[in-house]
Amino acid sequence: MDNGGGSSEAAAQPLEWKFSQVFGERTAGEEVQEVDIISAIEFDKSGDHLATGDRGGRVVLFERTDTRDNGGQRRDLEMMDYSMSRHPEFRYKTEFQSHEPEFDYLKSLEIEEKINKIRWCQSANSALYLLSTNDKTIKLWKVQEKKVKKVFDWNVHPEKAAGNGPIFGSHVSAIPKSYMANGGCGERNFGCASNDSSFPPGGVSSLRLPVVTSQETNLVAGCRRIYAHAHDYHINSISNNSDGETFISADDLRINLWNLEISNQSFNIVDVKPANMEDLTGGTLRSLSRGNNMFEEQEAPGTRSFFTEIIASISDIKFARNGRHILSRDYMTLKLWDINMDSGPVATFQVHEHLRPKLCDLYENDSIFDKFECCLSGDGGRVATGSYSNLFRVFGCSEGSAESTTLEASKNPMRRQVQTPSRPSRPLGSLSGVVRRVKGADNSALDANGNAFDFSMKLLHLAWHPSENSIACAASNSLYMYYA
């Protein structure tokens, strides 16, 4: 699949991934607080800003620095054969508390502050806009630089004027301490105590007007809109519309359409809630969805089991930039779909097939319900998703590509490289019906070093830079960044 971002020959070559940066790295033996675990990652459209959300309801923003230093966008410089001596670099920009824990008294339900999703909106007037949501409430935030105003050249010393209120500003005129607060009393004392000697004998020769100046700029985050009371079930996804004016939000049974400027009204565009909730099953959901453009892979005869519907549940989808292909992630696989072919995916990538014999254990410890995200490269030539033991996998989906790379979220991403048999891939244009390729199959229950997979270390969230081969991924409370 090629979106015009580069040649298929270049995309077919496996990438060599290198460590770039880490934010919030844990030291050995350090205990991670639950509120610090990252729960959402999102690049903006330009790739110059990155936002993360955590379980404590905070949103942290990062901005790219290497493009500024080199005077242009990295992609433009590469097209001009500019030699990039440094890898992509980001720095901390600001953070703010997006959501607080709440309690629904009508339903006796605690609402967590955890950030489920973040989506960037169109920027305007040098201000950044983004949507963030927890289980029930969506908020629109505006982040902009504001000048901090300070007052200078006071007529009095701040220590003397403390009784009349604080004086802001670090610079004050060099007036002797014997001067009374605010000039207070003149030669006639005007009712002041006669024994006050803080006023000079000769009086004040002149008064100066304080000067207001702006010397510093601070980043300020302000909540512009709150979109609430529209979902009975937990919000699991939000998505911006291309018109820049509307967005949709979804829970397990409903999808609502919002206007960014209207927070007290939304339109329900999909509702698959049955009249009797006891009738709600996976089969019911599928039958209710037949009226929509739906993609479903046919099950092989005799393969159905108790876990079939659980592991087939889609945890994330992403559109390719060309608008024609959709990437979906279920528990075991990544699937690439063509919107013009609803008979089955055009490509399937096995993420951790070695876990299939362990589905009973994964069900007992609830790991089978983990929701892994997925992402595509800007040119559509590669896809990526996470797994356990803080591993993530990158697959090539271009013509002739057999790329299947396993990386670890650490400073040495290639440390636990898993060797998988290469299989020749076929171009998407030659795939039809249910003829599909399955890549990345790994039947080993251990990694390349013989270590058992740690199900408590799960890499659920990752994002691919919109125009470069750069990936940001979350391992617990740490944000790792890699480039190729």
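See above for the structure.
Note that this is a predicted model, so its numbers are computed, not measured. (Residues numbered from 1 in each chain as written. Predicted model: local features only at pLDDT ≥ 70, side-chain atom pairs only at ≥ 80, totals over all residues. Heavy atoms only, no water.)

### Brief notes about the overall build of the protein
In terms of helices and strands, the protein carries six helices and 27 strands. Counting every position in the protein, which comprises 484 residues, the buried fraction comes to 44%. Here the analysis covers contacts within the protein between residues at least 6 apart in sequence; of these, 57% occur between residues at least 24 apart. For the protein, the exposed surface amounts to about 25300 Å²; the carbon and sulfur share of it is 49%. (Helix = DSSP H or I, 4+ residues; strand = E, 2+ residues; numbered from the N terminus. Buried < 20%, exposed > 50% of the residue type's maximum accessible area, 1.4 Å probe, protein only. Contact = heavy atoms within 4.5 Å. Areas by Shrake-Rupley, 256 points an atom, 1.4 Å probe, with all protein chains shown as cover.)

### Section: unusual backbone geometry
Non-glycine residue Ser-126 carries a positive phi angle of around 65°. As for its position among the elements, Ser-126 is in the loop between β8 (117-120) and β9 (128-133). Note on Ser-126: relative accessible area 77%, which makes it exposed. Of note in this structure, His-229 is not a glycine but carries a positive phi near 60°. Along the chain, His-229 turns up in the loop between β11 (211-227) and β12 (237-240).

### A closer look at the pairing of strand β18 (residues 333-338)
Two faces belong to every sheet, and in a regular strand the side chains alternate between them. Taken across its six residues, β18 has six buried, putting it largely inside the fold. Every second residue of β18 is oriented toward a common face, with Thr-333, Lys-335 and Trp-337 on one face and Leu-334, Leu-336 and Asp-338 on the other, all of them buried. Summarising the sheet, strand β17 (residues 325-329) and β18 pair through five bridges and their orientation is antiparallel. If you follow Ile-326 over to β18, its bridge partner there is Trp-337. Hairpin connection, β17 to β18: the antiparallel pair is bridged by three residues. Strand direction decides the pairing type here: β18 and strand β19 (residues 347-350), joined by four bridges, are antiparallel. The partner of Leu-334 across the bridge, within β19, is Phe-349. (Pairing = 2+ DSSP bridges.)

### Digging into a nonpolar patch on the surface
Residues Ile-248, Phe-267 and Ile-269 make up a contiguous nonpolar surface patch of about 280 Å² in total accessible area. Of note, Phe-267 is situated in strand β15 (residues 262-271). (Patch = residues over 30% accessible without salt bridge, like charges linked within 9 Å, V, L, I, M, F, W, Y side chains within 5 Å. Salt bridge = Lys/Arg side-chain N within 4 Å of Asp/Glu carboxyl O.)

### Observations concerning the state of the cysteines
Here the structure, examined in full by the defined rule, presents zero disulfides. We note that Cys-473 lacks a disulfide partner, and the nearest cysteine sulfur, in Cys-375, lies 9.3 Å from it. Residue class for Cys-473 comes out buried when judged on its relative accessible area of 0%. (Disulfide = S-S within 2.5 Å.)

### Quick look at the sheet that holds strand β3 (residues 49-54)
Reading across the sheet, the four strands line up as β2-β3-β4-β5 and stay open at both edges, with antiparallel pairing between neighbours. Among the strands making up the open sheet, the edge pair consists of β2 (38-43) and β5 (90-97). The mean inter-strand angle of the sheet, taken between neighbouring strand axes irrespective of direction, is 20°. With seven bridges joining them, strand β4 (residues 58-64) and β5 adopt antiparallel strand pairing. By the bridge assignment for β5, Val-59 is matched with Phe-96. (Axes fitted to C-alpha atoms, helices over the stretch in contact; angles between N-to-C directions.)

### What about the pairing of strand β21 (residues 382-386)?
Across the five residues that make up β21, a large majority, five, are buried. Of the two faces of β21, the one lined by Arg-382, Ala-384 and Gly-386 and the one lined by Val-383 and Thr-385 are each fully buried. As judged from the three bridges shared by strand β20 (residues 374-376) and β21, these two strands associate in the antiparallel manner. Residue pairing in the sheet places Cys-375 in a bridge with Ala-384 of β21. Linking β20 back to β21 in an antiparallel pair, the connection comprises five residues, with Gly-380 at a positive phi of about 75°.

### Section: the packing of aromatic side chains
Taken as a whole and assessed by the stated rule, the structure comprises 21 aromatic pairs. Geometrically, the ring pair formed by Tyr-331 and Phe-372 is tilted, given 6.3 Å between the ring centres and 55° between the ring planes. Placement of the pair is Tyr-331 in the loop between β17 and β18 and Phe-372 in the loop between α6 (359-364) and β20, with a sequence separation of 41 residues. Across the pair, exposure class does not vary: Tyr-331 and Phe-372 are buried alike. Connected via pairs of aromatic rings, a cluster forms that spans Phe-19, Phe-392, Tyr-480 and Tyr-482. (Phe/Tyr/Trp six-rings, centres within 6.5 Å; stacked < 30°, edge-to-face > 60°.)

### Structural notes on the side chain of Thr-65
By the element assignment, Thr-65 lies in the loop between β4 and α2 (66-69). If we ignore the near neighbours within four places in the chain, the residues touching Thr-65 are Glu-89, Phe-90 and Arg-91.

### A word on the nonpolar core
With 16 residues, the main nonpolar core has Trp-17, Phe-392, Val-394, Leu-462, Ile-471 and Cys-473 as its most contacted residues. Looking at this core, the elements that each hand over two or more residues are β22 (391-396), β25 (462-464), β26 (470-475) and β27 (478-483). Top contributing element to this core by residue count: β26, with three residues. For Ile-471, the contacting residues outside a window of four places in its chain are Trp-17, Ala-384, Phe-392, Val-394, Leu-462, Ala-463, Trp-464, Tyr-480, Met-481 and Tyr-482. (Core = buried A, V, L, I, M, F, W, Y, C linked by side-chain atoms within 4.5 Å.)

### Digging into the side chain of Glu-373
Mapped onto the elements, Glu-373 comes out in the loop between α6 and β20. In terms of polar contacts, Glu-373 uses its side chain to reach the side chain of Lys-117, at 3.1 Å. Look past the residues within four positions of Glu-373 in its chain and what remains in contact with it is Lys-117, Asp-316, Ala-384, Thr-385, Gly-386, Leu-460, His-461 and Leu-462. (Polar contact = N/O pair within 3.5 Å; in protein donor to acceptor, adjacent residues only side chain to side chain.)

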